[in-house]
Amino acid sequence: MRGTAFAAIALTGLLVVSACAKDSGGSTAASTGGAPCEFAPAPSPPVASTTSAAGERPAGEKVDGSALKVGLAYDIGGRGDASFNDLAAAGFDQAIKDMGVRKENTRELSAAPHEDESVKRSRLRQLARDGFNPIIGVGFAYTEALRVVAPEFPDVEFGLVDSAVDGAPNVTPLVFAEQEGAFLAGVVAAYQSKKCHVGFIGGVDIPLIQKFEAGFVQGARTAAPKIEVERKYITPATDFSGFQDPAKGSETAKGLIDKGADVLYPAAGASGIGVFAAVKQAGVLAIGCDADQYHQPALADSRDVIVASSLKRVNVAVYDFVRAAARNDLASLPKVFDLKVNGIGYATSGGRVDAKLQGILEAFKAQIIEGKIQVADKR
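Asker: Could you give me a rundown of the overall build of the protein, with the residues and numbers involved?
Answerer: Scanning the protein from N- to C-terminus turns up nine helices and 11 strands. Looking at the 379 residues of the protein, the share that counts as buried comes to 60%. Partitioning the contacts of the protein with sequence separation of at least 6, the portion at a separation of at least 24 is 75%. On the protein, roughly 14,400 Å² of surface is accessible, and the fraction owed to carbon and sulfur atoms is 51%.

Given below as structure tokens:
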């Protein structure tokens, strides 16, 4: 992802991924009877590692953002969700620090569960009327609101994480190849499972999260063709509380563990806090998503079960958008934040991923970047 001096974001410990799935009613492959996986031949590791720090950028020209007034509209959960919104906040904070944006010229607002669409429109209008420019909508939930509001403020530049608004030239989509990170999470899950039986928990049954289901299942099956994959959403598409309900996350995790899954991968926002707690109680393992969740303060009590995290670098997309706005060069942003531009990745904090598995992950990552592996974005 775009060239800037972004090494400092690595110090935030925030790296990304996402994943989701639908109740499979069992598994996606024939049972292995609880035995370890039989692995397919792994690709050869690349000559040089393709992994870099969390969104690190090569040094570039200093950008002056002191004239900007930057507004951020979070999805439900806001700061402190230990996931998606916190990543946006990290990029926002780093932009303020690196570009000289004055704190008094920033504003952060958050969505509430089950709020009416008109409330989102009012939130964006409030920021625009108060002179904030650029404004970032964190999450696809702002798509319809921006479809209405953006044309009302043609001189304001809006960034939209995870979605696009056709016909709105002042809305820059900040979208990701989430399925690529989920693929790597599936590989990790297969190699960490003692029973060749893993589980995937999605917060809400929506197309965005289904991309992660597709990638996770493909990665697990590529590594171990006979693996069993349990899949479950916390809530249906009409109920976004699935991203903000740790109790339901815990209940869902217990259900998949009872079915035999011993490595769980939640893409469920703050609901993942409950998933990790249930995983620890059951003595099994988990993979983080959206951020390097091993380092999240909200997960300090259960981080020892987190073997890796898939990374969706919302922090980098937010940072790059603010930087491009300051330079009046939004056209320089990538069309998709993927593995190739370091918008997607993985983290192995905690020391459970050994050198052999690290090499396998790097090999798969290189093949995805080179186009030798095409990761499905639909289940």
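What follows picks up the thread again.
Asker: Go over the pairing of strand β9 (residues 285-288), please, and point to the residues and values.
Answerer: Here β9 shows a buried face lined by L285 and I287 and a second buried face lined by A286 and G288. By the bridge criterion, two bridges tie strand β8 (residues 263-267) to β9 in an arrangement that is parallel. By the bridge assignment, L264 is partnered in β9 with A286. With three bridges joining them, β9 and strand β10 (residues 306-312) adopt parallel strand pairing. Note on β10: the bridge partner recorded for A286 is I306.

Asker: Mind laying out the state of the cysteines, listing which residues take part and the relevant values?
Answerer: The tally for this structure, following the rule as stated, stands at one disulfide. Covalently, C37 is tied to C196 through a disulfide, its sulfur atoms 2.0 Å apart. Torsion about the S-S bond of the C37 and C196 cystine: about 105 degrees, corresponding to right-handed handedness. A residue pair is termed long-range when its members are at least 10 positions apart, and C37 in the segment before β1 (70-74) and C196 in the loop between α4 (178-192) and β6 (197-204) qualify at 159 residues.

Asker: Residues and numbers for the packing of aromatic side chains, please.
Answerer: Two numbers describe a pair of aromatic rings. These are the distance of the centres and the angle of the planes. Scanning the entire structure with this criterion turns up eight aromatic pairs. Plain terms: the ring middles of F176 and F337 are 5.4 Å apart, the flat faces sit at 35 degrees to each other, and that makes the pair tilted. Residue F176 is found in the loop between β5 (171-174) and α4, and its partner F337 is found in the loop between α8 (314-326) and β11 (344-347); the two are separated by 161 residues along the sequence. For F176, a relative accessible area of 2% puts it in the buried group. A relative accessible area of 0% places F337 in the buried class. Each ring, one from F216 and one from Y265, has its centre 4.9 Å from the other, and the planes form 25 degrees; the classification is stacked. Within this pair, whereas F216 is found in helix α5 (residues 207-223), its partner Y265 is found in strand β8, the two being separated by 49 residues in sequence.

Asker: Any chance you could break down the nonpolar core for me, citing the residues and the numbers?
Answerer: One finds F158, F216 and I227 to be the most contacted residues of the largest nonpolar core, which totals 97 residues. If you look at the next biggest cluster of nonpolar residues, it comprises 17 residues, including A253, I257, V275 and A278.

Asker: Please give an account of α8 that cites residues and values.
Answerer: Spanning 13 residues, α8 covers 18 Å between terminal C-alpha atoms, matching the ideal 18 Å at 1.5 Å per step. Taken across its 13 residues, α8 has 12 buried, putting it largely inside the fold. Within α8 the residues assigned to the buried category are V314, N315, V316, A317, V318, Y319, D320, F321, V322, R323, A324 and A325. Looking at the buried side of α8, the elements it contacts are β1, α1 (84-99), β3 (135-137), β4 (158-161), β5 and β10. Positioned one or two residues after α8, N328 has a phi angle of 55 degrees, which is positive.

Asker: For the sheet that holds β5, give the residues involved together with the corresponding values.
Answerer: Each strand in a sheet pairs with another by means of backbone hydrogen bonds, the pair being arranged parallel or else antiparallel. With respect to topology, five strands assemble into an open sheet ordered β2-β1-β3-β4-β5, the strand pairing being parallel. The open sheet has two edge strands, β2 (106-110) and β5, and neither has a second partner. Pairwise comparison of adjacent strand axes, ignoring direction, gives a mean angle of 15 degrees for this sheet. Bridging between β4 and β5 involves four bridges; their strand directions are parallel. By the bridge assignment for β5, L160 is matched with P173.

Asker: How would you sum up α4? Please name residues and give values.
Answerer: The end-to-end C-alpha distance of α4 is 21 Å, a good match for the 21 Å that 15 residues give at a rise of 1.5 Å each. Counting buried positions along α4 gives 14 out of 15 residues, so the element sits mostly inside the fold.

Calculation notes
- Residues numbered from 1 in each chain as written.
- Predicted model: local features only at pLDDT ≥ 70, side-chain atom pairs only at ≥ 80, totals over all residues.
- Heavy atoms only, no water.
- Helix = DSSP H or I, 4+ residues; strand = E, 2+ residues; numbered from the N terminus.
- Buried < 20%, exposed > 50% of the residue type's maximum accessible area, 1.4 Å probe, protein only.
- Contact = heavy atoms within 4.5 Å.
- Areas by Shrake-Rupley, 256 points an atom, 1.4 Å probe, with all protein chains shown as cover.
- Pairing = 2+ DSSP bridges.
- Disulfide = S-S within 2.5 Å.
- Phe/Tyr/Trp six-rings, centres within 6.5 Å; stacked < 30°, edge-to-face > 60°.
- Core = buried A, V, L, I, M, F, W, Y, C linked by side-chain atoms within 4.5 Å.
- Expected span 1.5 Å × (residues − 1).
- Axes fitted to C-alpha atoms, helices over the stretch in contact; angles between N-to-C directions.

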